[in-house]
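One letter stands for each residue in the lines below.
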Amino acid sequence: MKISVIGAGYVGLISSVCFAKLGHDVVLIDIDEEKLAVIANKEVLPIYEEGLQELLEEVHIETSSDYDKTIESDVIFICVGTTADENGAIFSEYLINAAGKIAEVLKKQRGYCVIAVKSTVGPGMTENLLIPLLEKSGKKAGKGFGVCMSPEFLQEGRGIYHFMNPSRIIIGEYDRKSGDTLERLHQGLKAPVMRTNLRTAEMIKLASNSFLATKISFINEIGNICKQLGIDTYDVARGMGMDDRIGHKFLNAGIGFGGSCLPKDLRILISGAREVGYQPDLLQDVSTLNETQALKPVELLKKHITLKGATVGILGVAFKPGTDDIRDSRAIKIAEVLLARGATVKAYDPLALDYFIKTFPKVTRATREEVMDCDAVMILTEWEEFKELDYRGKIVIDGRRIEKAREARIYEGVCW
Ligand code: UGA
């Protein structure tokens, strides 16, 4: 099939190379010509994703900033980034721009093209915002063009693997013909397909991420209680997870969830619920607990040293291991508070340090050894290499459960 992908971010780029690998003709559209040149020339990408560089070098994808290149497409995927402010209001300018430009293309299209939304949108946005914009083409949704909402469930760092081995393919369809097209497009992938309407698909995405967020905040709350009682939270989680209704995954207690998805999707769902007059207390508590959890390492450190004038070393600034992404990383909040309390902060991360130091020029870029020489060390991302360090004689506040760090002179796990 002929596919166009709008937006060369994590989702758009991964989808493009993977659809190309599955044998489809792919055109990748973005407004950022520099980014497109890097992709077209198969140069080293500015983002880290396992296997992405290799796949980019293997497949052919056409890149362009010209939407007219999408005219022949059977499916146009909208993969532009969406962000949400503190209140969950979505910054939808990129979506609106993309839909406006696609509407121009639809005017010239002769075939039946399906517009498929992969960007995370709030409940009802595909129908209430995007379809009216697309219909400015003069064509009607379901007649002149098709519409689907097909959320992605890629985990950053392992996006290629998750694209090729999905847990499920959710197809929210406006009309049957669009759903049929999208189902055919995914035929090369082995996964259960669920077809539903647009709103349900949007909600499946938001509810899935909010559930994962809830599971993490839940175990963090259990951990906070366990710490007071002298119980090892990780043993509790292990015992709980043996019940396959609960499962072992996403029960790692620590300093909470970050990244560009879980916190944002939770905020979008909370705001969407309030808009329809429902107060989502549980989801709000999940979010609040996540924010207070991030400050636990600072509270614990204060028990052992005076922050003013101290040098604190941070091990790990990425929001999780295996990525160079620092969006909503807990390290941001922690560094801010440490600096505000008069501490000097040195940080080390195997991948994400460049972005972090750009955001926080007051934090000193350091090697692992320099971090280990600080007055105290905080472990904020569970990189494998931190399992090999020599923590003896140190003061360590562990936000991510690195067993070896228990050998420290003073060891505090945030919630165990
Ligand atoms: C998340 C979802 O897991 C994906 O299914 C989804 O497709 C994606 O968002 C998205 O919406 O695009 P991701 O943001 O890459 O993926 O990160 P996760 O692996 O879910 O981790 C999120 C955060 O939770 C990290 O900060 C991690 O350290 C934290 N976490 C995770 C815990 O604190 N404990 C756990 O047990 C698991």
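Please read these numbers as outputs of a predicted model, since none were measured by experiment.

Draft legend 1. Structural view of the overall build of the protein chain. Along the protein chain, the regular secondary structure elements total 15 helices and 16 strands. Whereas a compact globule of 416 residues would reach a radius of gyration of roughly 22 Å, the protein chain reaches 23 Å, a difference of no more than 12%. With the C-alpha coordinates aligned to their principal axes, the bounding extent of the protein chain is approximately 70 × 45 × 35 Å. Here the protein chain holds 416 residues, and 56% of them are scored as buried. The long-range share in the protein chain, meaning contacts at least 24 apart out of those at least 6 apart in sequence, stands at 69%. Roughly 18,700 Å² of accessible area belongs to the protein chain as shown, and the carbon and sulfur atoms make up 51% of that amount. Mean positive and mean negative side-chain charge positions of the protein chain (53 and 59 charges, respectively) differ by 2 Å.

Draft legend 2. Structural context of the site of the ligand. Around the ligand sit 21 residues, and of these Gln155, Glu156, Lys205, Asn209 and Phe319 come closest. At a separation of 2.9 Å, an oxygen atom of the ligand approaches a polar backbone atom of Asn252. Put simply, the parts of the chain that give the shell around the ligand at least two residues each are helix H8 (198–229) and helix H10 (262–275). Here the shell around the ligand gets four residues from one element, more than from any other, and that element is H8. Of the residues contributing to the shell around the ligand, the split by class is 10 nonpolar, five polar and six charged.

Draft legend 3. Seen up close, the nonpolar core. In this structure, Leu315, Leu338, Phe356 and Tyr391 are the most contacted members of the largest nonpolar core, which totals 56 residues. If you tally residues by element for this core, the top one is helix H13 (residues 330–340), at six residues. When sequence neighbours within four positions are dropped, the list of residues in contact with Leu315 reads Tyr348, Val371, Met372, Val377, Met378, Ile379, Leu380, Thr381, Phe386, Leu389 and Tyr391.

Draft legend 4. Summary view of the pattern of salt bridges. Per the stated rule, a full pass over the model turns up 33 salt bridges. Residue Glu156 is joined to Arg327 by a salt bridge in which the shortest nitrogen-to-oxygen separation is 3.7 Å. Residue Glu156 is located in the loop between strand S8 (146–149) and helix H6 (159–164), and its partner Arg327 is located in the loop between strand S11 (311–315) and H13; the two are separated by 171 residues in the primary sequence. The class for Arg327 is partly exposed, based on a relative accessible area of 40%.

Draft legend 5. Fine view of the sheet that holds strand S13 (residues 364–365). An order of S13-S12-S11-S14-S15-S16 is seen for the six strands of this open sheet, with the pairing classed as parallel. The open sheet has two edge strands, S13 and strand S16 (410–413), and neither has a second partner. Where S11 lies against strand S14 (residues 376–379), four bridges are found, and the strand directions are parallel. Within the sheet, the bridge partner assigned to Leu315 lies in S14 and is Ile379.

Draft legend 6. Local environment of unusual backbone geometry. With phi around 55°, Lys42 is a residue other than glycine that occupies positive phi space. Its location among the elements puts Lys42 in the loop between helix H2 (33–40) and helix H3 (52–58). Taking relative accessible area as the criterion, Lys42 reaches 30% and is therefore assigned partly exposed. Although it is not a glycine, Phe250 adopts a positive phi angle of roughly 60°. Structurally, the position occupied by Phe250 is in the loop between helix H9 (233–241) and H10.

Draft legend 7. Up close: a nonpolar patch on the surface. A surface patch of nonpolar side chains, about 280 Å² in accessible area, is lined by Ile225, Leu229 and Ile231. Its location among the elements puts Leu229 in helix H8. Residue classification places Leu229 among the exposed positions, given a relative accessible area of 59%.

Draft legend 8. View of the side chain of Asp175. As for its position among the elements, Asp175 is in the loop between strand S9 (169–173) and helix H7 (176–185). It turns out Asp175 is buried and unbridged, and the closest side chain with the opposite charge, Lys177, is 6.9 Å from it. Within the structure, Asp175 has its side chain in polar contact with the side chain of Tyr112 (distance 2.5 Å). Only 2.5 Å separates the side chain of Asp175 from the side chain of Ser178, close enough to count as a polar contact.

Draft legend 9. View of the pairing of strand S2 (residues 25–29). By the criterion of burial, S2 is predominantly enclosed, with four of the five residues buried. Where strand S1 (residues 2–6) meets S2, five bridges bridge the pair, whose relative direction is parallel. Looking across to S2, one finds that Ile3 is bridged to Val26. In this fold, S1 hands off to helix H1 (residues 10–21), which returns the chain to S2; that crossover is right-handed. Relative to strand S3 (residues 62–64), S2 runs parallel, the two being bridged by three bridges. Paired with Leu28 across the strands is Thr63, a residue of S3.

Draft legend 10. Molecular detail of the packing of aromatic side chains. Summed over all chains, the structure comprises six aromatic pairs. Ring centres of Phe19 and Phe77 lie 5.2 Å apart, and the angle between their planes is 15°; this geometry places the pair in the stacked category. Highlighted residues: Phe19 in helix H1 and Phe77 in strand S4 (residues 75–78), separated in sequence by 58 residues. Between Phe91 and Tyr94, the aromatic rings sit 5.5 Å apart at their centres with planes inclined by 90°, giving edge-to-face as the arrangement.

Draft legend 11. Quick peek at helix H11 (residues 281–294). The end-to-end C-alpha separation of H11 is 20 Å, in line with the 20 Å expected for 14 residues at 1.5 Å each. Each element contacted by the buried residues of H11 is listed here: H8, H10, helix H12 (296–302) and H13.

Draft legend 12. Spotlight on the packing of H10 against H11. As a packed pair, H10 and H11 sit with axes 10 Å apart at the nearest point and diverge in direction by 145°. For H10 against H11, the interelement crossing comes out left-handed. Contacts from Leu266, Leu269, Ile270 and Arg274 of H10 reach H11 at Leu283, Gln284, Val286 and Ser287. Looking at the contact of H10 with H11, its residues break down into five nonpolar, two polar and one charged.

What counts and how
Residues numbered from 1 in each chain as written. Predicted model: local features only at pLDDT ≥ 70, side-chain atom pairs only at ≥ 80, totals over all residues. Heavy atoms only, no water. Helix = DSSP H or I, 4+ residues; strand = E, 2+ residues; numbered from the N terminus. Rg over C-alpha atoms; globule rule 2.2 N^0.38 Å. Buried < 20%, exposed > 50% of the residue type's maximum accessible area, 1.4 Å probe, protein only. Contact = heavy atoms within 4.5 Å. Areas by Shrake-Rupley, 256 points an atom, 1.4 Å probe, with all protein chains shown as cover. Lys, Arg positive; Asp, Glu negative; His and termini not counted. Charge placed at Lys NZ, Arg CZ, Asp CG, Glu CD. Near = heavy atom within 4 Å. Polar contact = N/O pair within 3.5 Å; in protein donor to acceptor, adjacent residues only side chain to side chain. Nonpolar A, V, L, I, M, F, W, Y, C, P; charged D, E, K, R; others polar. Core = buried A, V, L, I, M, F, W, Y, C linked by side-chain atoms within 4.5 Å. Salt bridge = Lys/Arg side-chain N within 4 Å of Asp/Glu carboxyl O. Pairing = 2+ DSSP bridges. Patch = residues over 30% accessible without salt bridge, like charges linked within 9 Å, V, L, I, M, F, W, Y side chains within 5 Å. Right-handed = clockwise from strand over helix to strand, strands pointing away. Phe/Tyr/Trp six-rings, centres within 6.5 Å; stacked < 30°, edge-to-face > 60°. Expected span 1.5 Å × (residues − 1). Axes fitted to C-alpha atoms, helices over the stretch in contact; angles between N-to-C directions. Left-handed = near helix turned anticlockwise from the far one by under 90°.

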